[in-house]
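Analysis of the macromolecular model
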Amino acid sequence: MSSGSYWRPRFWPEKHAFYRRWVKLAGAPAFQSWASAMPGARRLAKRDGQALFDLVSGFVYSQILHAFVQLDMPGLLQKEPLPAWRLAARTRLDPRRMEVLCQGAVAVGLLKRSRQGEYRLSRLGAALPGVPGLCEMIQHHDVLYRDLEDPVSFLRGEGETELARFWPYVFGQSGTNDPDLAARYSKLMSDSQALVAEETLRVVKLEDAHRLMDVGGGTGAFLRAVDAAYPQLRLRLFELPTVLEHADLPPRADCVGGSFREDPLPKGADVISLVRVLYDHADETVKALLAKVYDALPPGGRVVISEPMAGGATPTRAGDAYFAFYTMAMQTGCARSAAQVSDLLVQAGFSAVETIPTYREFVTGVVVARKPG
Ligand SMILES: C[S@@+](CC[C@H](N)C(=O)[O-])C[C@H]1O[C@@H](n2cnc3c(N)ncnc32)[C@H](O)[C@@H]1O
């Protein structure tokens, strides 16, 4: 027996032989054609075909959504259903092209079509403008799509990405000296914060807390939500000075300007929150930040991490397809699973690390931990 090989009976199948045969069969056009005609197999073949087709056309669906938002179709159809030619007149589009957009929007579930050929908002289409920050997020996706235009060179890490410039703090400089840029990214964050705050505060209870400090808290949207839910709590925002210029804080809150890369975090809070902060940064930055959070907390103090998370052993569309690629385009960050976040917390010295399931994990995931008392 040569080194590295092992004995097996003559007719014992190779470890992956069955898998290899199955892959070959599933990829054979003749098999596909047979399956699509066979009762029983037909349903499965159709479902697989549809799933593949949806993957192929996903970008077009997204662009229908983008046009739908950019042309403000929810606003135009707010009062009454309209035929395509009237929507075309209001948006200065060729009526035939508007008809194509409307039909596409019906197909992806944003509109419904009446027998008379008028279009009205579906439940999904009507809900869209009500989801805080969603329309802004959709419009800002042109930056991400440009970065993903050549996905293989993107995955090889070739070239710069536009998204990294959109979030200037990711490379370690103390944010940006450009107040317009800071205002732009802060607005996008603050618009989309409402849902994250709602989801986080649904599962994290703060009745026993005295002071909460939100580190990297943007313009204070999370603190405003905490303030509304816990009027007894003292609040503090720690942020980059350029962002603090745009802060809108509740009256009882104060703020401290600084960079968590270069400065220590102020003491005095028994709860420190990091909402959508860790996933922007590389492990080394996160480790250093968690060490500072640990130092700033009193014994028994709590850290609350809330951000979209990857699924780990069970990858999710939101965490592992969307946020993982988004953060990769930012170039420094990564979507981590709750287990990875927990590991980083344990390494920083925290105990009682707990992953708290949220209702909408595509909005955010939550991990809490305590500094040993
Ligand atoms: C993705 S945003 C999240 C903002 C807010 N927590 C939210 O969820 O809406 C990340 C925030 O971290 C802040 N940030 C980045 N680097 C920082 C640093 N070195 N020190 C302090 N804040 C920083 C940014 O200015 C930005 O507001």
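Since this is a predicted model, take the numbers as computed values, not measurements.

Some details on the nonpolar core
Membership of the largest hydrophobic core comes to 59 residues, with the highest contact counts inside it found for Ile-272 and Val-303. Among the elements that make up this core, the one with the highest residue count is helix α14 (residues 283-296) (5 residues). Leu-65, Phe-68, Val-69 and Leu-87 belong to the second largest nonpolar core, which has 17 residues in total.

Observations concerning unusual backbone geometry
Non-glycine residue Asp-72 carries a positive phi angle of around 50°. By the secondary structure assignment, Asp-72 is in the loop between α3 (41-70) and α4 (73-76). Overall, Asp-72 belongs to the partly exposed group, with 14 C-beta atoms counted inside 10 Å.

So, the domain arrangement of the protein chain
Each assigned domain of the protein chain is listed with its residue range as follows: domain 1 (24-130) and domain 2 (134-370). Distance from the C-alpha centre of domain 1 to the C-alpha centre of domain 2: 34 Å. Domain 1 puts 6 residues into the contact, and the matching count from domain 2 is 5 residues. Along the lines of polarity and charge, the residues of the side of domain 1 that touches domain 2 split into 4 nonpolar, 2 polar and no charged.

Considering the environment of Gly-257
Note that Gly-257 resides in strand β6 (residues 253-257). Note: C-alpha distance between Gly-257 and Phe-238 (19 residues apart in sequence) is 5.8 Å. Here Gly-257 is in contact with Glu-239, Pro-241 and Leu-244, once residues within four sequence places are set aside.

With respect to the sheet that holds strand β8 (residues 302-307)
Taken together, 7 strands build an open sheet; the order of strands is β6-β5-β4-β7-β8-β10-β9 and the sheet is mixed. The sheet terminates laterally at β6 and β9 (351-356), the two strands that pair on one side only. Shown here is a sheet whose adjacent strand axes are inclined to one another by a mean of 20°, direction ignored. In the packing of helix α12 (residues 221-229) onto the sheet, the strands contacted are β4 (211-215), β5 (234-239), β6 and β7 (271-275), and the crossing angle to β5 comes to about 175°. Taken strand by strand, helix α16 (residues 338-347) contacts β8, β9 and β10 (365-370), and its axis lies near 20° from that of β10.

With respect to the packing of helix α2 (residues 29-37) against α3
Running from N to C, α2 and α3 point in directions that differ by 120°, and their axes come no closer than 6 Å. Compared by their axis directions, α2 and α3 come out oblique. Mapping the contact onto sequence places Gln-32, Ala-35, Ser-36 and Ala-37 in α2 and Ala-41, Arg-42, Ala-45 and Lys-46 in α3. Within the contact of α2 with α3, the residues separate by chemical class into 4 nonpolar, 2 polar and 2 charged.

With respect to the sheet that holds strand β3 (residues 118-121)
Read across the open sheet, the 3 strands follow the order β1-β3-β2; overall the sheet is antiparallel. Looking at which strands have only one partner, the edges of the open sheet turn out to be β1 (82-83) and β2 (111-113). Relative to β3, β1 is paired through 2 bridges, and the arrangement is antiparallel. Its bridge partner being in β3, Pro-83 is matched across the sheet by Glu-118. Contacting β2 and β3, helix α6 (residues 95-107) runs over the sheet at an angle of about 105° to β2.

Cut-off values and rules
- Residues numbered from 1 in each chain as written.
- Predicted model: local features only at pLDDT ≥ 70, side-chain atom pairs only at ≥ 80, totals over all residues.
- Core = buried A, V, L, I, M, F, W, Y, C linked by C-beta atoms within 7 Å.
- Buried ≥ 20, exposed ≤ 12 C-beta atoms within 10 Å, placed from the backbone.
- Helix = DSSP H or I, 4+ residues; strand = E, 2+ residues; numbered from the N terminus.
- Domains from an automatic or database assignment.
- Contact = placed C-beta atoms within 7 Å.
- Nonpolar A, V, L, I, M, F, W, Y, C, P; charged D, E, K, R; others polar.
- Pairing = 2+ DSSP bridges.
- Axes fitted to C-alpha atoms, helices over the stretch in contact; angles between N-to-C directions.
- Parallel < 35°, antiparallel > 145°, perpendicular 65-115°, else oblique.

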